[in-house]
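Below, each chain spelled out in residue letters.
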Amino acid sequence: MDILSTNNDPYSCALPELARVIHTHLELKVDFDQKVLEGKAILNIVKKYENCEKGTIFLDSCNLDIIKVTDSNTGLPLCYDIGLNCSCGNIFKIELLGKNVLHKIEIEYRTSEHSHALIWLTPEQTADGKHPFLLSNTKYTYARAMFPCQDTPSVKTTYSAKISTPKDFRVIMSAKLRNIIHTQDQVMYEFFQRSLTPAYGVVIAVGSLEAARNGPRINVYAESKFIDESRTTFDENFERMLEIADELYGLSLDKQNICVLPPTISPKYFTIQCRNMIFVSPSLLRGDISLISSLAQQIAHLWTEHFVVNYDHMWLSKSIGMFIYKKFINRMPINEKIKEFLLMKMDRKLVKRIEGYKDIDILQNLIPRLGNISPNYLMERVPYEVGCMLLEKLQHELGGPLIFDRYLKLYLYTFLHRSINTQDWIRHLTEYCTTFCPTNEMVTSFDWSIYFFYTEPLIPNISITALETACFNLAEEWTRCDDNAKNIPRKFIEVTSYSDIEKIELLKYLYDSSVGLTVIKINLMSNFYESHESHTYEIRFRWIRLCIKNRWEPIIDTALNFAIHFCTPKYACSIFEDLYNWKEIRLITIEAYRRNEKKFVHETQEKINSILLN
């Protein structure tokens, strides 16, 4: 079978060619005490063959407690069968009644308290420390653990939802809010999503969230501790990104909501791609446009994320999204040094990815033919940057950005809300080039296997950027100069005018230097970096690590408080490990962690315990 044109999905039990879900309606109650969602899923289904006495809908589920299944039109119970649990969940077969093509069924169910699709935080694990928090994690094959569905990229449906939660909580979704209904002790939020969306694009968050309106199409949601910072961080900068999106390919992005997640949640969940909502880490707060430009990558993927027919062809989403992101960067109102740095950073990720997994042959392919390996594990490891290199090659060979941008705009319009494979993409590109490109013969003779099934990794040319050179030279100058305050390099005094990215790179080079800094130098630097109100959390994190490395005692309380209250795995584990290696305060470090252990999610607890108990 030609892998370029495969449509089957080995990770799903669904058989949409027999019967397909076309609309999903969820009516769910959030139970923080039991850590479950309970209620019903109402599915509109179109059956392939008319006049069949019976038909079967094949769904995916995973550890769902199915209470009953009924025909919505007649109220009659439906026969169903749930197969044995496998690595990707259960096959859920439901017998449909009658000869009609259209069916509507109602599934009453309850999620498991151990569901992979739901992240439950205790009040201690949130920023405010007062109320619990829920975030769904439906990426790839996890949606089936939140609701019964055809959990494959090729099945896209409209959906609606009524989510009930106790008062004092706000519900947000990857859909438009239609209504809010208050009862005596509950609040029900109603949502609707008209865009066709795969199951993994249905995302929900519930917490004690406040809202701030930033312009005509931006709402920001965050806990009260972060709402003011969120409002100022995502003001005109984010609106400018949306304007660039409009200018690039004419696909206007309607209202876009930003949700700042609690600081305990791992960054791996910030890549959730869904309609109408972007989830971000509070590490971006207080950041200037050079730092929050990372949001441009999420905006780019809002267009491309849901095109693919199965996970073998995920490059059509990831790589094209990266390609669009590079165009975003070139249009951003940031200086050329920062643009060069951000673009080179993507190439470095490719090198790091290939070097880190070069012993796994399957990962050397852009179309990996994953087989029985979970996409949740491998999708983060396939070198999708190679697909971006392919697109840059095609853009160059076919006449430059003007011609290729016209093609890309047509591609986005043609396949929006549809499912395609790589062969569909090649066919569409060939047809376009035959009509509009002067060098169309290049496409018909192109050796696609070089990029899709290469045996030797394609490595881009990596160089040190001007921004990195300047930061490295300043770090070297600072480590070499004496402790006399009068001899502080002038450029270092001007560091307050640096962009956030430049400050981060400078601290990185100082931390990586083999030459330590004296207490006098750290004291002098503290005049620039100890002002917490003027720095992002990422800058504070790097400053804390630099101080710990150089055994600057005044930083100890600050470091512990930062790790405890801003306890993502990246920040907390690194700081606790650094403090643990400082023998004189090892006991203080362990005691501080034990007093606050409940603030950390289980994943972070395991990592810190392995550090402190080694």
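Bear in mind the structure is a predicted one, so any value in this text is a computation, not a measurement. (Residues numbered from 1 in each chain as written. Predicted model: local features only at pLDDT ≥ 70, side-chain atom pairs only at ≥ 80, totals over all residues. Heavy atoms only, no water.)

S.K.: Can you lay out the sheet that holds strand 2 (residues 36–47) for me, pointing to particular residues and giving the numbers?
M.R.: Strand pairing within a sheet occurs via backbone hydrogen bonds; the two strands may be parallel or antiparallel. The mixed open sheet is built from seven strands, whose spatial order is 4-7-2-1-10-13-12. The open sheet has two free edges, formed respectively by strand 4 (65–71) and strand 12 (176–182), since each of these has just one partner strand. In this sheet, adjacent strand axes meet at a mean angle of 15 degrees when their direction is disregarded. By the bridge criterion, nine bridges tie strand 10 (residues 157–166) to strand 13 (residues 186–197) in an arrangement that is antiparallel. By the bridge assignment for strand 13, Thr165 is matched with Val187. (Pairing = 2+ DSSP bridges. Helix = DSSP H or I, 4+ residues; strand = E, 2+ residues; numbered from the N terminus. Axes fitted to C-alpha atoms, helices over the stretch in contact; angles between N-to-C directions.)

S.K.: Break down the UniProt feature "binding site: Zn(2+)" (unreviewed entry) in the chain for me, citing the residues and quoting the values.
M.R.: Summarizing the sequence annotation, UniProt attributes the feature "binding site: Zn(2+)" (unreviewed entry) to His301 in the numbering used throughout. Here His301 lies in helix 4 (residues 295–304). Here Gln297 takes part through its backbone oxygen, which lies 2.9 Å from a polar atom of the side chain of His301. (UniProt positions renumbered as here; feature names shortened; annotations may be inferred. Polar contact = N/O pair within 3.5 Å; in protein donor to acceptor, adjacent residues only side chain to side chain.)

S.K.: Help me get a handle on the domain arrangement of the chain, residues and values and all.
M.R.: Domain annotation for the chain reports domain 1 (313–453) and domain 2 (466–613). Between domain 1 and domain 2, the residue contacts involve six residues of the former and seven residues of the latter. At the boundary of domain 1 with domain 2, total buried surface from both sides reaches about 630 Å², with 65% on carbon and sulfur atoms. It is Lys337, Ile338 and Phe341 in domain 1 that bury the most area against domain 2; as a group they hold 73% of the surface buried on that side. Viewed at the interface, domain 2 and domain 1 are joined by two salt bridges. Put simply, Lys337 and Glu502 hold a salt bridge, and the shortest N to O gap is 3.6 Å. Linking domain 1 with domain 2 are two residue pairs in polar contact (both at pLDDT 80 or more), by the criterion used here. (Domains from an automatic or database assignment. Contact = heavy atoms within 4.5 Å. Buried area = accessible area lost by both parts, 1.4 Å probe. Salt bridge = Lys/Arg side-chain N within 4 Å of Asp/Glu carboxyl O.)

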